[in-house]
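Overview (structure and organization)
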Amino acid sequence: MIAIAGAGLSGLSCALALHRRGKKCTVFEALGSVGGRQRTARHGGFTLDHGFQVVLDSYKSVSAVCEIPTLDPRHFESGAIVHACGRTMRLRSPMENPAAAAFSPVLPFPDKLRLALLGLEILCTPDSKLLARCASPSDQSTRDFLSGRGFSPASIGRFFQPFFGGVLLDNALSSSAGLFLYYLKKFCTGRAWVPAGGIQALPESIAAQLPAGTIRFHSRAMEIRGNTLLLESGERIEFDQAVLALDEPSLHRLLRLPAPPPAPGVSVVYFESSESLYPQRCIVLPAGADRLVRHFVQTTNIAPEFAPPGKHLISATVLGPECNPEAALREIAEVFPKAASCLRHLETIRVPYAVPAQPPGFAAKTPPPLPPNVHACGDWRNGASIETAIRSGLELAERL
Ligand SMILES: Cc1cc2nc3c(=O)[nH]c(=O)nc-3n(C[C@H](O)[C@H](O)[C@H](O)COP(=O)(O)OP(=O)(O)OC[C@H]3O[C@@H](n4cnc5c(N)ncnc54)[C@H](O)[C@@H]3O)c2cc1C
């Protein structure tokens, strides 16, 4: 029997791939539902994801684990609304609308050329090579990389920092440039979408393909002794092979290793409104490093079913531990003044652990030593994303 600890994307993908190959496995999940960091709550008819999360068309592994159309994907328009120097500007993707992108006032013309050249360069580079850079001693911080390529502080402050600060969950752009380039390519080559049922619908659709009884909930793995997995309940599970598909802090706890480097959390502040703030199906990027709100989006423009009829749902992403809904609302009202009167705070969801620390060269770190017949997968290995989490589970199943 193969015992898998963790029913997040990596553990579920591993279980599904093993099941398809006729291997028997059981998934032990500490909590009462699947999804791990992909969680969706319902609140008075609103669909509230635990963290703003999007799937990209360019994530190839998603279609390997689920039938995407059954998730009713709700697509974003490409680009974003940028708010800088008291002005609201539309930023378009050069891949979708080259003319509009060329005339957009967000980036100065020389930086548009630099971005176009960088885009061409990464389109010609395989994903594996971009990710290999994350393990290289020559990897740099995203900020140093952009400055080294000649991008102006204005472009970094108006576009790269608000957009990729939100993607990498790193306001300072101190994360690996290799990871930034990987994401830039994914955003250039695919549109973002959310399942109509919320982000948790993705792991749930993988779990639904497993035979009944494969997943055991409220079954926290506490220790491994030889070929035995000890659960919190005291139950002992004998295994032939074990897979630890855990987030990095839980993996280190289980293996009795020192805690991994701290990774800042994130909060999502949800507001409801009877009035629409803006009509476009895209996120809004308020420029400036000192912002509380990294980005916000009127989610119902993309997925109207995220709110009861006649209502709009607005989600604002705040990085770090500080999260004051009134301050978040003030920042939204700087972009859309009517927000001050029409938005009502609905709920704030704190995600204390979002993604691992991913500084330059992070992928070179030595993986934790594992006992015999014990294997590990998860998003901590090659950069945190839906794609890498699923792929790590699929690749491990292949090896097993
Ligand atoms: C706020 C936020 C925004 C994000 N945005 C995006 C995005 O837009 N696009 C993107 O591609 N990625 C995004 N990500 C990253 C993506 O969600 C994760 O990389 C991915 O879900 C990780 O999956 P995983 O299986 O590796 O880990 P997890 O989802 O953490 O799964 C680990 C599982 O193990 C369980 N567990 C822990 N300890 C034990 C134990 N001892 N015994 C049994 N079970 C245990 C946990 O309960 C959990 O279910 C975001 C993440 C967050 C948090």
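Thresholds applied
- Residues numbered from 1 in each chain as written.
- Predicted model: local features only at pLDDT ≥ 70, side-chain atom pairs only at ≥ 80, totals over all residues.
- Heavy atoms only, no water.
- Pairing = 2+ DSSP bridges.
- Helix = DSSP H or I, 4+ residues; strand = E, 2+ residues; numbered from the N terminus.
- Contact = heavy atoms within 4.5 Å.
- Axes fitted to C-alpha atoms, helices over the stretch in contact; angles between N-to-C directions.
- Domains from an automatic or database assignment.
- Buried area = accessible area lost by both parts, 1.4 Å probe.
- Salt bridge = Lys/Arg side-chain N within 4 Å of Asp/Glu carboxyl O.
- Near = heavy atom within 4 Å.
- Polar contact = N/O pair within 3.5 Å; in protein donor to acceptor, adjacent residues only side chain to side chain.
- Nonpolar A, V, L, I, M, F, W, Y, C, P; charged D, E, K, R; others polar.
- Phe/Tyr/Trp six-rings, centres within 6.5 Å; stacked < 30°, edge-to-face > 60°.
- Core = buried A, V, L, I, M, F, W, Y, C linked by side-chain atoms within 4.5 Å.
- Buried < 20%, exposed > 50% of the residue type's maximum accessible area, 1.4 Å probe, protein only.
- Expected span 1.5 Å × (residues − 1).

Some details on the sheet that holds strand S20 (residues 374-376)
Reading across from one edge, S10-S2-S1-S14-S20 is the order of the five strands in this open sheet, with parallel pairing throughout. Of all the strands in the sheet, just strand S10 (215-216) and S20 have a single pairing partner and so form its edges. Bridge count for strand S1 (residues 2-5) against strand S2 (residues 25-28) is four bridges, and the pairing is parallel. Note that in S2 the partner of Ala3 across the bridge is Thr26. With respect to the sheet, helix H1 (residues 9-20) is in contact with S1, S2, S10 and strand S14 (241-244), its orientation differing from that of S1 by roughly 160°.

Description of the domain arrangement of the protein chain
Buried accessible area, meaning the area lost when the parts come together, often serves as the stated size of an interface. Taken domain by domain, the protein chain comprises domain 1 (2-39 + 200-261 + 368-399), domain 2 (46-76 + 193-198 + 264-351) and domain 3 (94-188). Relative to domain 2, the C-alpha centre of domain 1 lies at a distance of 29 Å. Contacts between the two partners involve 18 residues from domain 1, matched on the other side by 17 residues from domain 2. Counting the surface lost from both domain 1 and domain 2, the interface buries some 1,400 Å², and carbon and sulfur atoms represent 61% of this. At the surface where domain 1 touches domain 2, the tally comes to zero salt bridges.

Considering the site of the ligand
Lining the immediate environment of the ligand, one finds 34 residues, of which Glu29, Arg37, Tyr59, Asp379 and Ile386 sit closest. Between the ligand and Ser10, the relevant distance is 2.8 Å, taken from an oxygen atom to a side-chain nitrogen or oxygen of the residue. Here a nitrogen atom of the ligand sits 2.9 Å away from a polar atom, N or O, in the main chain of Ala221. At the level of secondary structure, the elements contributing two or more residues to the shell around the ligand comprise H1 and helix H13 (386-399). Looking at the shell around the ligand residue by residue, the class counts come to 17 nonpolar, twelve polar and five charged. The two domains that each donate at least three residues to the shell around the ligand are domain 1 (2-39 + 200-261 + 368-399) and domain 2 (46-76 + 193-198 + 264-351).

Topic: the pattern of salt bridges
Tallying each qualifying case throughout the model produces 21 salt bridges. Taken together, the shared-partner salt bridges connect Asp127, Lys185 and Lys186 into one network.

Observations concerning the packing of aromatic side chains
Within the structure shown, the criterion is met by 14 aromatic pairs. Summarising the aromatic geometry, the rings of Phe52 and Phe76 are spaced 6.0 Å apart at their centres and angled 80° between planes, so their arrangement reads as edge-to-face. Of the two residues, Phe52 sits in the loop between strand S4 (46-49) and strand S5 (55-56) while Phe76 sits in the loop between strand S6 (73-75) and strand S7 (80-84), which places them 24 residues apart along the sequence.

Side note on the nonpolar core
The biggest cluster of nonpolar side chains holds 111 residues, and the ones touching the most others in it are Ile4, Phe159, Phe160, Phe164 and Phe180. Setting aside residues no more than four positions away along its own chain, Phe160 makes contact with Leu115, Leu146, Phe151, Ser155, Gly165, Leu173 and Phe180. Counting residues in each nonpolar core, the second largest holds 18 residues, with Ala221, Ile224, Val374 and Trp380 among its members.

Comments concerning H13
With 14 residues, H13 extends 20 Å from end C-alpha to end C-alpha; this agrees with the ideal 20 Å at 1.5 Å per step. Counting buried positions along H13 yields ten of 14 residues, so the element is predominantly enclosed. All of the buried residues along H13 are Ile386, Glu387, Thr388, Ala389, Ile390, Ser392, Gly393, Leu394, Leu396 and Ala397. Between the side-chain oxygen of the N-cap and the backbone nitrogen of Glu387 there are 3.3 Å, and the N-cap of H13 in question is Ser385.

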